[in-house]
Amino acid sequence: MFTNYFQMLSETLTSIFNKLPAKSVHAHCDGPCGVYDPASARVAAEAVLSMTKKLIALTPAGNDQASISAYNNTFSRFVAIKEEESQKAKKELLILWTDYFKPEHLATYPDLHDTFWKAAKLCSACKVNIDQTKAEELLAAVQKIHSMFWSSKGRSDSWVTAS
């Protein structure tokens, strides 16, 4: 009995909604919040560089099983954090690239696509390697994007790192 009632209700509501005029709306992204900031990409890129430096500097305290186990545990955690932060940086950069920047920005920033593409590739390189040079290049790419972003808004916000 309840099934028939809910089916009738659903059909009635669908019929009513189909007859209402729908207003066309346009949004620059999936969620038209309008809140964009490259800061989250900067924080993630900084974490990638920090974890990369920590991984390079990491050595076992000794040759005994406890030291090796502690080293392996710490190494694994650092790698997991580095990979997670690399993915976060990539996600944040792709959101800026695909949702914030528009075709009209290309006139002002003709290297916009190349800059973002290379930054995304650096995120991937930092995920799969322990390479301080690549991590530094990623942070530099995010800094360039930071400048492009704030310039596009008519602002010149300072580049400030947490570390």
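Higher on the page you've got the structure.
As a starting point, this report considers the structure included with it. Computed from a prediction, not measured in an experiment: that's the story for all the values here.

Attention now moves to the packing of helix α3 (residues 65-100) against helix α5 (residues 112-128). For the pair α3 and α5, the least separation of the axes is 8 Å and the interaxial angle reads 165 degrees. Between α3 and α5, the angle falls in the class roughly antiparallel. Between α3 and α5 lies a crossing of left-handed hand. Between α3, through Lys82, Glu83, Ser86, Gln87, Ala89, Lys90, Leu93, Leu94, Leu96 and Trp97, and α5, the contact on the second element is made entirely by Leu112, His113, Phe116, Trp117, Ala119, Ala120, Cys123, Ser124, Cys126, Lys127 and Val128. Split into classes, the residues belonging to the contact of α3 with α5 amount to 13 nonpolar, four polar and four charged.

Next up on the list: the pattern of salt bridges. It is possible for side chains of opposite charge to pair when their charged atoms get near one another. In this structure the tally under the stated criterion is seven salt bridges. As a salt-bridge pair, Glu84 and Lys88 come within 3.7 Å of each other at their nearest N and O atoms. Of this pair, Glu84 and Lys88 both sit in helix α3, four residues apart, which is roughly one turn of that helix. Note that Asp114 is salt-bridged to Lys118, the shortest N-O span being 3.0 Å. Residue Asp114 and its partner Lys118 are both found in helix α5; the two are separated by four residues, about one turn of the helix. Because the salt bridges share partners, they merge into one network encompassing Glu84, Glu85 and Lys88.

Moving on to the packing of helix α2 (residues 39-57) against α3. How two helices sit against one another is set out by the angle between their axes and by the gap between those axes. Packing of α2 against α3 leaves a shortest axis separation of 8 Å and a crossing angle of 155 degrees. In terms of orientation, α2 lies roughly antiparallel with respect to α3. For the crossing formed where α2 meets α3, the hand is left-handed. Counting all contacts with α2, which are made through Ser40, Ala41, Ala44, Ala45, Ala47, Val48, Met51, Thr52, Lys54 and Leu55, the residues of α3 involved are Phe75, Phe78, Val79, Ile81, Lys82, Glu85, Ser86, Lys88, Ala89, Glu92 and Leu93. Tallied by class, residues from the contact of α2 with α3 come to 13 nonpolar, three polar and five charged.

The next thing to look at is the packing of aromatic side chains. Scanning the entire structure with this criterion turns up eight aromatic pairs. Plain terms: the ring middles of Trp97 and Phe116 are 5.8 Å apart, the flat faces sit at 10 degrees to each other, and that makes the pair stacked. Here Trp97, found in helix α3, pairs with Phe116, found in helix α5; they are 19 residues apart in sequence, far enough to count as distant. Ring-pair connections join several aromatic residues into one group, and the members of that group are Tyr36, Trp97, Tyr100, Phe101, Tyr109, Phe116, Phe149 and Trp150.

Below, the discussion takes up the nonpolar core. Formed by 27 residues in total, the largest nonpolar core has its most connected members in Leu93, Leu96, Phe101, Phe116, Leu138 and Phe149. Of all the secondary structure elements, the ones that give two or more residues to this core are α2, α3, α5 and α6 (132-152). Per-element accounting of this core gives the leading share, nine residues, to α6. Not counting the four nearest positions on each side in its chain, Phe149 is found in contact with Tyr36, Asp37, Pro38, Leu96, Tyr100 and Phe101. Of all hydrophobic cores here, the second largest spans five residues; its members include Leu55, Leu58, Phe78 and Val79.

Definitions and limits used
Residues numbered from 1 in each chain as written. Predicted model: local features only at pLDDT ≥ 70, side-chain atom pairs only at ≥ 80, totals over all residues. Heavy atoms only, no water. Axes fitted to C-alpha atoms, helices over the stretch in contact; angles between N-to-C directions. Helix = DSSP H or I, 4+ residues; strand = E, 2+ residues; numbered from the N terminus. Parallel < 35°, antiparallel > 145°, perpendicular 65-115°, else oblique. Left-handed = near helix turned anticlockwise from the far one by under 90°. Contact = heavy atoms within 4.5 Å. Nonpolar A, V, L, I, M, F, W, Y, C, P; charged D, E, K, R; others polar. Salt bridge = Lys/Arg side-chain N within 4 Å of Asp/Glu carboxyl O. Phe/Tyr/Trp six-rings, centres within 6.5 Å; stacked < 30°, edge-to-face > 60°. Core = buried A, V, L, I, M, F, W, Y, C linked by side-chain atoms within 4.5 Å. Buried < 20%, exposed > 50% of the residue type's maximum accessible area, 1.4 Å probe, protein only.

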